[in-house]
Amino acid sequence: MLSKAEVERLGSAQGASRIEIRIGSHKVSALRGRNGRLASFLRQAQEAYGDINVTMIISVPRGRARDEDRQALLADLQDIAPVAPDAAARAQARLVFAEADGVERSRLVELTEHHITAKRRVSAVDDEGNSIRILSAVDAILDVAGEHERELRAAVGADLG
């Protein structure tokens, strides 16, 4: 799941100067319904070579003459970003942002390595103060996680739909 901040960065960038994505053929099915060139290329590679792992790096050089290429690369990245956490073993991009004075700055964005954690106290004893067994502890942890699912989803802007 992409964090809300990463989604906002993808939406506000003017382009992408470099992307790196690593995906196994068993995950290519997550790209179905995606129409960008990155998704199409990865599907074609899987169809042509069968069960493969693909690592792809695309880099667009600096310079105003390449603005359109960086914008196109960003559009292709935005196409696969919603499924990247489930589809790719690794997906990162260097996004380009334009300053008011015309100077470009860039920022590295990780599309697969966002882990949302929240600490909650989980009692390891029963109502009578006796230690509980591991299976019971796991059940207690899952109960606490279920109680706080709404908070975790809100932290990343996920819809509970």
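Here we summarise the structure given alongside this text. Keep in mind it's a predicted model, so treat the numbers as computed, not measured.

### Remarks on the overall build of the chain
Here's step 1: Check the secondary structure of the chain and you find six helices and four strands.
Here's step 2: Reading the helices (α) and strands (β) of the chain from amino to carboxyl end gives α-β-α-β-α-α-β-β-α-α.
Here's step 3: Within the chain, the proportion of its 161 residues that are buried is 30%.
Here's step 4: As presented, the chain carries roughly 10500 Å² of accessible surface, and 48% of it is formed by carbon and sulfur atoms.

### Structural notes on the pairing of strand E4 (residues 104–110)
Here's step 1: The sheet contact formed by strand E3 (residues 90–98) and E4 spans seven bridges and is antiparallel. Among the inter-strand pairings, Val-96 is bridged to a residue of E4, identified as Ser-106.
Here's step 2: Remark: five residues form the turn of the hairpin made by E3 and E4, two consecutive strands paired antiparallel; Gly-102 in that turn has positive phi of roughly 90°.

### Quick look at the packing of helix H2 (residues 37–49) against helix H3 (residues 67–80)
Here's step 1: Relative orientation of the contacting elements H2 and H3 amounts to 65°, with a least axis distance of 7 Å. With respect to their mutual orientation, H2 and H3 come out roughly perpendicular. Along its contact with H2, which presents Arg-37, Leu-38 and Ala-39, the element H3 presents Ala-72, Leu-73, Asp-76, Leu-77, Asp-79 and Ile-80.
Here's step 2: For the contact of H2 with H3, the per-class residue count stands at six nonpolar, no polar and three charged.

### What about the sheet that holds strand E2 (residues 53–59)?
Here's step 1: Spatial strand order, E2-E1-E3-E4: four strands in an open sheet with antiparallel pairing. The sheet is open, and its two borders are formed by E2 and E4, each paired with just one other strand. Taken pair by pair, the neighbouring strands of this sheet meet at an average axis angle of 10°, ignoring direction.
Here's step 2: Running at roughly 145° to E2, H2 makes contact with strand E1 (15–24) and E2 of the sheet.

### Observations concerning the nonpolar core
Here's step 1: Counting 30 residues, the largest nonpolar core has Leu-31 and Leu-95 as the members making the most contacts within it.
Here's step 2: Among the secondary structure elements, those contributing two or more residues to this core are E1, H2, E2, H3, helix H4 (84–87) and E3.

### Observations regarding helix H1 (residues 4–12)
Owing to its 3.6 residues per turn, the α-helix aligns residues three or four sequence positions apart on the same side.
Here's step 1: Of the residues making up H1, those classed as buried are Glu-6, Arg-9 and Leu-10. Looking down the long axis of H1, one finds its buried residues gathered within 100° of arc, a one-sided arrangement.
Here's step 2: Those residues of H1 that are buried lie in contact with H3, E3 and E4.

### Brief notes about the environment of Ser-131
Here's step 1: You can see Ser-131 is positioned in the loop between E4 and helix H5 (134–147).
Here's step 2: Beyond its immediate chain neighbours, meaning those up to four positions away, Ser-131 contacts Ala-124 and Val-125.

### Let's talk about the side chain of Gln-92
Here's step 1: Among the secondary structure elements, Gln-92 is positioned in strand E3.
Here's step 2: For Gln-92, the side chain forms a polar contact with the side chain of Arg-90, separated by 3.2 Å.
Here's step 3: The residues touching Gln-92, leaving out its near neighbours within four places in the chain, are Arg-18, Ile-19, Glu-20, Leu-108, Val-109, Glu-110 and Leu-111.

### Some remarks on the pattern of salt bridges
Here's step 1: What the rule picks out here adds up to five salt bridges.
Here's step 2: A salt bridge links Arg-18 to Glu-20, with the nearest nitrogen and oxygen atoms 3.6 Å apart.
Here's step 3: With a relative accessible area of 31%, Arg-18 lands in the partly exposed category.
Here's step 4: Here Asp-76 and Arg-37 are joined by a salt bridge, their closest N and O atoms 2.8 Å apart. Within this pair, whereas Asp-76 is found in helix H3, its partner Arg-37 is found in helix H2, the two being separated by 39 residues in sequence.
Here's step 5: Its relative accessible area of 10% is what places Asp-76 among the buried residues.
Here's step 6: Exposure remark for Arg-37: the relative accessible area of 54% places this residue in the exposed category.
Here's step 7: Connected through shared salt-bridge partners, Arg-18, Glu-20 and Arg-90 make up one network.

Cut-offs applied
Residues numbered from 1 in each chain as written. Predicted model: local features only at pLDDT ≥ 70, side-chain atom pairs only at ≥ 80, totals over all residues. Heavy atoms only, no water. Helix = DSSP H or I, 4+ residues; strand = E, 2+ residues; numbered from the N terminus. Buried < 20%, exposed > 50% of the residue type's maximum accessible area, 1.4 Å probe, protein only. Areas by Shrake-Rupley, 256 points an atom, 1.4 Å probe, with all protein chains shown as cover. Pairing = 2+ DSSP bridges. Axes fitted to C-alpha atoms, helices over the stretch in contact; angles between N-to-C directions. Parallel < 35°, antiparallel > 145°, perpendicular 65-115°, else oblique. Contact = heavy atoms within 4.5 Å. Nonpolar A, V, L, I, M, F, W, Y, C, P; charged D, E, K, R; others polar. Core = buried A, V, L, I, M, F, W, Y, C linked by side-chain atoms within 4.5 Å. Arc of directions from axis to C-beta. Polar contact = N/O pair within 3.5 Å; in protein donor to acceptor, adjacent residues only side chain to side chain. Salt bridge = Lys/Arg side-chain N within 4 Å of Asp/Glu carboxyl O.

These results come straight from atomic positions and should not be treated as a statement about function.
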